[in-house]
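Close look at the chain arrangement
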Amino acid sequence: MEARDILIRPLITERTTQLMADGKYTFVVAKKANKIEIAKAVAKIFNVKVVDVTTVNVTGKKKRVGRFTGKRPDYKKAVVKLAAGESIEFFTA
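Residues numbered from 1 in each chain as written. Predicted model: local features only at pLDDT ≥ 70, side-chain atom pairs only at ≥ 80, totals over all residues. Heavy atoms only, no water.

1. Brief notes about the pairing of strand E2 (residues 24-29)
Most of E2 is tucked away, with five of its six residues classed as buried. The pairing of strand E1 (residues 7-10) with E2 spans three bridges and is antiparallel. By the bridge assignment for E2, Leu-7 is matched with Val-29. As paired strands, E2 and strand E6 (residues 75-82) are joined by six bridges and run antiparallel to one another. Paired with Thr-26 across the bridge in E6 is Val-79. (Buried < 20%, exposed > 50% of the residue type's maximum accessible area, 1.4 Å probe, protein only. Helix = DSSP H or I, 4+ residues; strand = E, 2+ residues; numbered from the N terminus. Pairing = 2+ DSSP bridges.)

2. What to know about the sheet that holds E2
Pairing is antiparallel in the open sheet, where four strands are placed in the order E1-E2-E6-E3. Sheet topology places E1 and strand E3 (50-58) at the edges, where each strand pairs with a single neighbour. The mean angle between the axes of side-by-side strands here comes to 30 degrees, regardless of whether they run parallel or antiparallel. Sheet topology places E3 next to E6; eight bridges connect them, and they run antiparallel. Opposite Thr-55, over in E6, you have Ala-78 as the bridge partner. Strands in contact with helix H3 (residues 35-46) are E1, E2, E3 and E6; relative to E3, the strand with the most contacts, it is inclined by about 120 degrees. (Axes fitted to C-alpha atoms, helices over the stretch in contact; angles between N-to-C directions. Contact = heavy atoms within 4.5 Å.)

Okay, structure coming up:
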C-alpha cells in the first residue's frame, strides 16, 4: 500500500482540534493498515517525526429516516503523536 492509500483524510472535530495542541493528530485510515504503516505514511507525506500511533476501529451507528433504517459505514481511526516541536498544518491562512 502506498502512503496516500493509507491516509484517507484528517478527522477534524472539536475534540481533535484540542488534541492538536498536544501534538496529536487524528486521521481516518485504511482498515487493513497497521500502526507501522500509518507512522511511515504520516512521516513521508508531512515530513514529520512520529512518536506514537494509537488506532481504533469505529463501528458505524444505526440511523433511521422515517420508516427506513440504515447504517453509517465502519472505519478505522488513528491518533498520531508527533515529536516535540513538530506540527502539521491542515488549514492555510
